[in-house]
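Working through the structure, step by step
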Amino acid sequence: MPEDTLFSKIARGEIPSTEVYSDENFYAFRDINPGAPTHVLVVPRRPIPMITDATEADALLLGRLLLVANKIAEKEGLTKDGFRYVINCGAWGGQTVFHLHVHILGGRPMAWPPG
Ligand code: 5GP
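Residues numbered from 1 in each chain as written. Predicted model: local features only at pLDDT ≥ 70, side-chain atom pairs only at ≥ 80, totals over all residues. Heavy atoms only, no water.

1. Observations regarding the site of the ligand
- Not every one of the 16 residues close to the ligand is listed here, only the nearest: D31, N88, G94, T96 and H103.
- Within the side chain of H103, a nitrogen or oxygen atom sits 2.8 Å from an oxygen atom of the ligand.
- About the coverage of the ligand: the protein hides 82% of its 520 Å² of free accessible area.
- Going through the elements one at a time, α1 (6–11) and β2 (26–30) are the ones with two or more residues in the shell around the ligand.
- Examining the composition of the shell around the ligand, we find that three residues originate from one element, α1, more than from any other.
- In the shell around the ligand, the residues fall into seven nonpolar, seven polar and two charged. (Near = heavy atom within 4 Å. Polar contact = N/O pair within 3.5 Å; in protein donor to acceptor, adjacent residues only side chain to side chain. Areas by Shrake-Rupley, 256 points an atom, 1.4 Å probe, with all protein chains shown as cover. Helix = DSSP H or I, 4+ residues; strand = E, 2+ residues; numbered from the N terminus. Nonpolar A, V, L, I, M, F, W, Y, C, P; charged D, E, K, R; others polar.)

2. As for the side chain of H99
- Along the chain, the position of H99 falls in the loop between β4 (83–86) and β5 (102–106).
- A polar side-chain atom of H99 sits 2.6 Å from a polar atom in the side chain of T5.
- Apart from residues no more than four positions distant in its own chain, H99 is found in contact with T5, F7, S8, V43, P44, R45, R46, P47, I48 and P49. (Contact = heavy atoms within 4.5 Å.)

3. What about the nonpolar core?
- If you look at the biggest cluster of nonpolar residues, it comprises 17 residues, and the most contacted ones within it are A28, V42, I72 and I104.
- At six residues, helix α2 (residues 59–75) tops the list of elements feeding residues into this core.
- The residues contacting A28, other than those within four sequence positions of it, are T18, E19, V20, Y21, V40, L41, V42 and I72.
- F7, I10, A11 and V97 belong to the second largest nonpolar core, which has eight residues in total. (Core = buried A, V, L, I, M, F, W, Y, C linked by side-chain atoms within 4.5 Å. Buried < 20%, exposed > 50% of the residue type's maximum accessible area, 1.4 Å probe, protein only.)

4. Looking at α2
- With 17 residues, α2 should cover 24 Å at 1.5 Å per step; its first-to-last C-alpha distance of 25 Å lies within 8% of that length.
- Taken together, the buried positions of α2 are L61, L65, V68, A69, I72 and A73. All buried residues of α2 lie within an arc of 140° about the axis, which places them on one face of the element. Residues of α2 that are exposed and angled more than 90 degrees away from the buried face: L60, L67 and E74.
- Packed against the buried residues of α2 are β1 (19–22), β2, β3 (38–44), β4 and β5. (Expected span 1.5 Å × (residues − 1). Arc of directions from axis to C-beta.)

Written out as structure tokens, the structure reads:
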């Protein structure tokens, strides 16, 4: 069933995670393999496999996803020095979990371009 992604199970508490934020539409948790001192994943509870699968009907959800990420970045103390949002898309984009998520990476200067 489409609800049954790894991140859906994490969002439902069926797989343990370190919660950072939770509301009726979104769940955020610390990445198990952090790429920076702060590495949080924000997922919509309703799974969309890839950002390119989003439709007009998802416009509000996508906007809210970034506003939730902003709230977390502020709470994590990242906004003064700056930080990075990443959405990987597909194989060449480095996506490994096909449930749309925003990476929040911070706590050190970020290299550009990313690998
Ligand atoms: P993607 O490569 O799809 O953009 O990002 C998937 C992210 O999920 C990776 O950074 C990976 O470390 C993280 N991840 C994969 N499995 C788990 C898990 O079971 N728990 C947590 N907390 N993070 C995970």
